[in-house]
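Listed below are the residues making up each chain.
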Amino acid sequence: MKKPVYLDYAATTPVDPLVAEEMVRYLTLDGVFGNPASRSHAYGWQAEAAVESARKHVAGLIHADPREIVWTSGATESDNLAIKGAVAGKPGAHVITSMIEHKAVLDTCKWLESQGVEVTWLKPQPDGRITPDQVEEALRSETVLVSLMMVNNELGCITDIGAIGGLLRERGVLFHVDAAQAAGKMPVDVTATPVDLLSLSSHKVYGPKGVGALYVRRSPDVKIEAQIHGGGHERGMRSGTLPTHQIVGMGSAFARAQELLDDDMARLEALRTRFLDGLSSLDGVSFNGSAEARVPGIINLSFAGVDAESLMLGLRELAVSSGSACASATIEPSFVLRGIGLGDEEAHRALRFSLGRFTSDEEVDFATSQIIEVVGRLRSVR
Ligand SMILES: *Cc1c(COP(=O)(O)O)cnc(C)c1O
């Protein structure tokens, strides 16, 4: 069977072949398989050196100090560690987040609510962004943490993290940013942006699944409480034997992302234009999320008179998504689209097309011709 054209890069990316090639050298007897925490022999030292080199690469992409990087199992764990770790031991704490965060943030904040923490859920602007004014208005003297995503995974819109970080720094409120969809897609610079905690995932950036990182600012020093105990790895913030091959993969993927950032962004911008131009003959197409403040690879569109479920069924030769991968097990309309004010029916008409490093012009052309054909067919049978 011919595989469908992959247009779901926001759900996950394939591992870059160069990254995969490097990873296999960290598994077997003839490779670097030692425990990076083994201090008494060369097997351990070599593994530790590989982990520290990867730490530099991950730090490099976001302009952090390597000592500010804590390895985790992915952005879900990073979000949990940042949010629970920042609130732990602070009775009466108030947290601010938004209604359109990733489930890893939403569900963590809901759990905190069940534990008596007060949470304010900001409603985004119709373009999917949270404004600094909204955050400022929600601040209370008890606010200890604000958690917002940099780039929304369904809409691709970019929230002005710099401006929000600036006002939170003045008030002494911790700022956690989920940057899983920003890293490798746009410049992320923690020296220029006052964030305290920032979540990263490897598999959104052409690295392997099952590894991620949390940036924890050192100056001013940010204190969070560990959520996984045992052994005191990662400066006590996250225990557990480090998965050397996964970490090497993430490091290699992030080094490559830094090297290719300008190229990747320019290519994706061109592919996006090609995609939207390709659909220009189709009317009743509307764009969800900010048209200006957005990353190029994520395109969320609604097709008037056509529901996304039927469209997806018709687009069998394209791998696309009607929401986030985690939410697509249900036929509930996306909470993100409802969060930006779309009604149930409108939300049911939206599809997300996400393009990436390996998307070709031919694939984009094939996709647009398929979409035009299937939308036309579905509209004609109504
Ligand atoms: C994918 C994603 C996550 C979860 O990352 P994992 O590494 O899969 O746990 C969290 N936040 C956002 C915005 C994401 O896109």
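Residues numbered from 1 in each chain as written. Predicted model: local features only at pLDDT ≥ 70, side-chain atom pairs only at ≥ 80, totals over all residues. Heavy atoms only, no water.

Draft legend 1. Structural detail: the sheet that holds strand E12 (residues 350-354). With antiparallel pairing, the three strands of this open sheet are ordered in space as E9-E10-E12. Taken across any chain shown, the strands that pair with only one partner, and hence form the sheet edges, are strand E9 (285-288) and E12. Across the sheet, the mean angle separating the axes of adjacent strands is 35 degrees when strand polarity is ignored. Where E9 and strand E10 (residues 298-303) come together, four bridges link them in antiparallel fashion. Bridging from a neighbouring strand, Val 285 pairs with Phe 303 of E10. Sitting on the sheet, helix H7 (residues 244-278) is in contact with E9, E10 and E12, with an inclination near 10 degrees to E10. (Pairing = 2+ DSSP bridges. Helix = DSSP H or I, 4+ residues; strand = E, 2+ residues; numbered from the N terminus. Axes fitted to C-alpha atoms, helices over the stretch in contact; angles between N-to-C directions. Contact = heavy atoms within 4.5 Å.)

Draft legend 2. View of the packing of aromatic side chains. One pass over the full model with this rule turns up six aromatic pairs. On the numbers, 5.4 Å between centres and 50 degrees between planes, the contact of Phe 33 with Tyr 43 is tilted. In this pair, Phe 33 sits in the loop between helix H1 (17-23) and helix H2 (42-61) while Tyr 43 sits in helix H2, placing the two residues ten residues apart along the sequence. According to the relative accessible area criterion, Tyr 43 is partly exposed, its value standing at 46%. Centroid distance Tyr 206 to Phe 358: 5.7 Å. Interplanar angle 90 degrees. Geometry classified as edge-to-face. Note that Tyr 206 is positioned in the loop between strand E7 (197-201) and strand E8 (212-216) and Phe 358 in the loop between E12 and helix H11 (361-380), a separation of 152 residues in sequence. Under the relative-accessibility criterion, Phe 358 is labelled partly exposed at 36%. Here a set of aromatic residues connected by ring pairs shows up, and it is made of Tyr 6, Tyr 9, Tyr 206 and Phe 358. Its guanidinium or amino end placed over the ring of Phe 366, Lys 2 lies 5.3 Å from that ring's centre, counting from NZ or CZ. (Phe/Tyr/Trp six-rings, centres within 6.5 Å; stacked < 30°, edge-to-face > 60°. Buried < 20%, exposed > 50% of the residue type's maximum accessible area, 1.4 Å probe, protein only. Lys NZ or Arg CZ within 6 Å of the ring centre and 35° of its normal.)

Draft legend 3. Main features of the site of the ligand. Taken together, 13 residues lie around the ligand, and Thr 76, Asp 178, Ser 201, His 203 and Lys 204 are the ones closest in. Taking Thr 76, its side chain carries an N or O atom lying 2.6 Å from an oxygen atom of the ligand. In this structure, His 203 approaches the ligand through a side-chain N or O atom, which is 2.8 Å from an oxygen atom. Taking 380 Å² as the accessible area of the ligand by itself, protein coverage stands at 88%. Per-element tally for the shell around the ligand: the top contributor is helix H3 (residues 75-87), with three residues. The residue makeup of the shell around the ligand, split by class, is three nonpolar, seven polar and three charged. (Near = heavy atom within 4 Å. Polar contact = N/O pair within 3.5 Å; in protein donor to acceptor, adjacent residues only side chain to side chain. Areas by Shrake-Rupley, 256 points an atom, 1.4 Å probe, with all protein chains shown as cover. Nonpolar A, V, L, I, M, F, W, Y, C, P; charged D, E, K, R; others polar.)

Draft legend 4. Spatial organisation of the domain arrangement of the chain. You can read the domains of the chain as domain 1 (5-12 + 261-380) and domain 2 (17-256). The C-alpha-based centres of domain 1 and domain 2 are spaced at 28 Å. Taken residue by residue, the interface counts 29 residues in domain 1 and 32 residues in domain 2. When the two sides are added together, the surface that domain 1 and domain 2 hide from each other amounts to roughly 2700 Å², 61% of it contributed by carbon and sulfur. Taken as a group, Val 295, Phe 335 and Arg 357 account for 21% of the area that domain 1 buries against domain 2, more than any other trio of residues on that side. (Domains from an automatic or database assignment. Buried area = accessible area lost by both parts, 1.4 Å probe.)

Draft legend 5. Geometry of the side chain of Glu 101. In this fold, Glu 101 is placed in the loop between strand E3 (94-98) and helix H4 (103-114). Arg 129 is the oppositely charged side chain nearest to the buried, salt-bridge-free Glu 101, at an N-O distance of 12 Å. Within the structure, the side chain of Glu 101 is placed 2.8 Å from the side chain of Ser 98, a separation counted as a polar contact. Among the polar contacts listed, one links the side chain of Glu 101 to the backbone nitrogen of Met 149, at a separation of 2.8 Å. Among residues more than four places away in sequence, those in contact with Glu 101 are Leu 106, Ser 147, Leu 148, Met 149 and Phe 335. (Lys, Arg positive; Asp, Glu negative; His and termini not counted. Salt bridge = Lys/Arg side-chain N within 4 Å of Asp/Glu carboxyl O.)

Draft legend 6. Looking closely at H11. Compared with the 28 Å implied by 1.5 Å per residue over 20 residues, the 29 Å span of H11 between its first and last C-alpha is a close match. Looking at the buried positions of H11, the neighbouring elements they touch are H7, E10, helix H8 (308-314), strand E11 (318-319) and E12. (Expected span 1.5 Å × (residues − 1).)

Draft legend 7. Focus on the side chain of Ser 302. Mapped onto the fold, Ser 302 is located in strand E10. On the basis of relative accessibility, which here comes to 8%, the residue Ser 302 falls in the buried class. A distance of 2.9 Å separates the side chain of Ser 302 from the side chain of Asn 288, its partner in a polar contact.

Draft legend 8. A look at the pattern of salt bridges. For the coordinates displayed, the defined rule picks out 22 salt bridges. Ionic pairing is found between Glu 118 and Arg 140, a salt bridge with its closest N-O pair at 3.4 Å. Of the two residues, Glu 118 is situated in strand E4 (residues 118-122) and Arg 140 in the loop between helix H5 (132-138) and strand E5 (143-149); the sequence distance between them amounts to 22 residues. The salt bridge involving Glu 269 is made with Arg 294; its shortest N-O contact spans 3.1 Å. Note that Glu 269 is positioned in helix H7 and Arg 294 in the loop between E9 and E10, a separation of 25 residues in sequence. Of the residues examined, Glu 269 reaches a relative accessible area of 30% and is grouped as partly exposed. Accessibility expressed as a relative area gives 17% for Arg 294, which makes it buried.

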